[in-house]
Amino acid sequence: MHLKAPEHQVAGHIAKDGKPGPLVDDKGRFFKPLQGDSRGEIEVKFYESFSSNTEVPAHIRRYFPVYHGTQAVESSDGAAMIVLENLLSKYSKPSVMDVKMGSRTWYPEASEEYIQKCLRKDARSTTVSSGFRISGFEVYDHKELSFWKPDRKLLNGIKVDGVRLALRKFVSSNTLSDTSSKPDSAFASSVYGGSNGILTQLLELKTWFENQTFYHFNSCSILIIYENESIQDGDARAQVKLVDFAHVHDGNGVIDHNFLGGLCSFINFVRDILQSSDDQSTQD
Ligand SMILES: O=P(O)(O)O[C@@H]1[C@@H](OP(=O)(O)O)[C@H](OP(=O)(O)O)[C@H](O)[C@H](OP(=O)(O)O)[C@H]1OP(=O)(O)O
Ligand SMILES: Nc1ncnc2c1ncn2[C@@H]1O[C@H](COP(=O)(O)OP(=O)(O)O)[C@@H](O)[C@H]1O
């Protein structure tokens, strides 16, 4: 089995200091190392529960990676990994964004030290103010014919205006590394809009989150993906997926207000960008 590091990982842990990072194979699978601190255990428990939960409707299940169990990976010194569907295996030039949901990324059961660390990051980013933060993104630049990724440390400190700009850049075709050029939002309507677009998918997820009380998705991310190879022919292949369940807890019959609030806020940002790009094209 030939495994390699994923080409388009936009956030999260990577192989460092002797610790394994995620890997992908050529059969469409993504291997995520089981993290210590009970995180790996929690994530496996979530996937096992979710996979067998017959009350999750099929149209919601499609927003989650398919789970293929766990496996010791020889080429990674026998490290235990969670085997998932590689969400990008069918994309050739994907643009990808990771949005960490919720106005708090900590939860009362965590250690005081961990809570303080999360609180600092939440306050410095738009987590507290807007209910989500952009953890990372990568976008294909159609002028430069290459991928562009903003610096993660800079991205962690952006405020509301920075989020609006990032969401525009994510759907723009012009030179993105040039800070003086205004993002053209050329693909806003094909990616964010339409009956298969990001907004429609987010709204479908929101309807489920308004009712589901099985899980509390602490510190979980939404991945947004689209294909640049076909976007200029109007085929965006836009997808919303949920990832990172290392801090999911039982919902115990209570709505996940933290995730739901962040999702509503994120929907408003996306809707505003769609609205302003519609207004712009009417003026042109
Ligand atoms: O260790 P750090 O400071 O890089 O923090 C990780 C975060 O990176 P950040 O700097 O916030 O972008 C990282 O955030 P991203 O997934 O990169 O958005 C995770 O929150 C990670 O925790 P976990 O995988 O959810 O358990 C975080 O790891 P822990 O701090 O929970 O170990
Ligand atoms: N199933 C998947 N398929 C493809 N890419 C993925 C998948 N899961 C995660 N990723 C990529 O890896 C990144 C980190 O994943 P995540 O589960 O959040 O790891 P961590 O727990 O280290 O934060 C995501 O931002 C995304 O780029």
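Basis of the calculations
Residues numbered from 1 in each chain as written. Chains lettered and ligands numbered in written order. Predicted model: local features only at pLDDT ≥ 70, side-chain atom pairs only at ≥ 80, totals over all residues. Heavy atoms only, no water. UniProt positions renumbered as here; feature names shortened; annotations may be inferred. Helix = DSSP H or I, 4+ residues; strand = E, 2+ residues; numbered from the N terminus. Buried < 20%, exposed > 50% of the residue type's maximum accessible area, 1.4 Å probe, protein only. Contact = heavy atoms within 4.5 Å. Core = buried A, V, L, I, M, F, W, Y, C linked by side-chain atoms within 4.5 Å. Domains from an automatic or database assignment. Buried area = accessible area lost by both parts, 1.4 Å probe. Salt bridge = Lys/Arg side-chain N within 4 Å of Asp/Glu carboxyl O. Polar contact = N/O pair within 3.5 Å; in protein donor to acceptor, adjacent residues only side chain to side chain. Nonpolar A, V, L, I, M, F, W, Y, C, P; charged D, E, K, R; others polar. Phe/Tyr/Trp six-rings, centres within 6.5 Å; stacked < 30°, edge-to-face > 60°. Pairing = 2+ DSSP bridges. Near = heavy atom within 4 Å. Areas by Shrake-Rupley, 256 points an atom, 1.4 Å probe, with all protein chains shown as cover.

Looking up the chain in an unreviewed UniProt entry gives the name Inositol polyphosphate multikinase, with the organism given as Raphanus sativus. You can read under Sequence similarities (unreviewed entry) in the UniProt record for the chain the words "Belongs to the inositol phosphokinase (IPK) family."

Trainee: Please give an account of the environment of Ile 273 that cites residues and values.
Mentor: Residue placement: Ile 273 occurs in helix α9 (residues 257-283). A residue is classified by how much of its surface remains accessible, and Ile 273, at 2% relative accessible area, is buried. Residues Ile 273 and Ser 185, 88 residues apart in the sequence, show an inter-C-alpha distance of 8.6 Å. When near neighbours in sequence (up to four residues on either side) are disregarded, Ile 273 contacts Arg 164, Leu 167, Arg 168 and Tyr 192.

Trainee: Could you give an account of the nonpolar core, with specific residues and numbers?
Mentor: Ranked by internal contacts, the top residues of the largest apolar core, which has 60 residues, are Phe 64, Val 191, Tyr 192 and Phe 217. Excluding residues within four positions of it along the chain, Tyr 192 makes contact with Leu 167, Phe 170, Val 171, Phe 187, Gly 197, Ile 198, Leu 199, Val 270, Ile 273 and Leu 274. Core analysis: the next-biggest nonpolar cluster, separate from the first, contains eight residues, Leu 87, Tyr 91, Leu 223 and Val 243 among them.

Trainee: Could you give me a rundown of the domain arrangement of the chain, with the residues and numbers involved?
Mentor: Per the domain assignment, the segments of the chain are domain 1 (23-85) and domain 2 (94-283). Distance between the C-alpha centres of domain 1 and domain 2: 22 Å. Overall, the association of domain 1 and domain 2 removes approximately 1,700 Å² of surface from exposure, summing both partners, and the carbon and sulfur fraction of that is 61%. At the junction of domain 1 with domain 2, the criterion picks out two salt bridges. Between Arg 62 and Glu 204 there is a salt bridge, and its shortest N-O distance comes to 2.9 Å. Summed over the shared surface of domain 1 and domain 2, the result is nine residue pairs in polar contact (both at pLDDT 80 or more). Among the secondary structure elements, those contributing two or more residues to the side of domain 1 that touches domain 2 are α1 (39-52) and α2 (58-61). Residue contributions to the side of domain 1 that touches domain 2 peak at seven residues, all from α1. Taken together, the residues of the side of domain 1 that touches domain 2 break down into 10 nonpolar, four polar and five charged.

Trainee: Account for the packing of aromatic side chains, with residues named and values stated.
Mentor: Under the counting rule described, the total for this entry stands at 27 aromatic pairs. Centre to centre, the rings of Phe 132 and Phe 269 are 5.2 Å apart; their planes meet at 90°, and the pair counts as edge-to-face. Separated by 137 residues along the polypeptide, Phe 132 in strand β6 (residues 132-141) and Phe 269 in helix α9 bring together distant segments of the chain. Just as Phe 132 is buried, Phe 269 falls in that class too. Look at Phe 209 and Phe 217: their rings are 5.4 Å apart centre to centre, the planes differ by 65°, and that puts the pair in the edge-to-face class. Take Phe 209 and Phe 217: they sit in the same class, and that class is buried.

Trainee: Just give me the short version of the sheet that holds strand β4 (residues 79-85), but keep the residues and values in it.
Mentor: Remark on secondary structure: sheet strands pair via backbone hydrogen bonds, oriented parallel or antiparallel. One open sheet holds the four strands; their spatial order is β1-β2-β4-β3, and the pairing between them is antiparallel. Lying at the two open borders of the sheet, with one neighbouring strand each, are β1 (23-24) and β3 (67-73). By the bridge criterion, two bridges tie β1 to strand β2 (residues 29-33) in an arrangement that is antiparallel. Considered in β2, the bridge of Leu 23 is made with Phe 31.

Trainee: Could you give me a rundown of the site of ligand 2, with the residues and numbers involved?
Mentor: Residues in close proximity to ligand 2 total 16 residues, the closest being His 13, Lys 32, Glu 85, Leu 87 and Asp 98. In the environment of ligand 2, an oxygen atom lies 3.0 Å from a nitrogen or oxygen atom belonging to the backbone of Val 10. A distance of 2.6 Å separates an oxygen atom of ligand 2 from a polar atom in the side chain of Asp 98. When its residues are assigned to classes, the shell around ligand 2 shows six nonpolar, six polar and four charged.

Trainee: Summarise the site of ligand 1; cite the residues concerned and give the values.
Mentor: In the region of ligand 1, 15 residues are neighbours, and Arg 39, Lys 117, Lys 121, Ser 135 and Arg 152 sit closest. The contact in question runs from an oxygen atom of ligand 1 to an N or O atom on the side chain of Tyr 114, over 3.4 Å. With respect to ligand 1, the side chain of Asp 244 contributes an N or O atom lying 3.3 Å from an oxygen atom. About the coverage of ligand 1: the protein hides 80% of its 590 Å² of free accessible area. Where the shell around ligand 1 is concerned, the elements lending two or more residues are α3 (112-124), β6 and α5 (152-156). No other element matches the three residues that α3 contributes to the shell around ligand 1.

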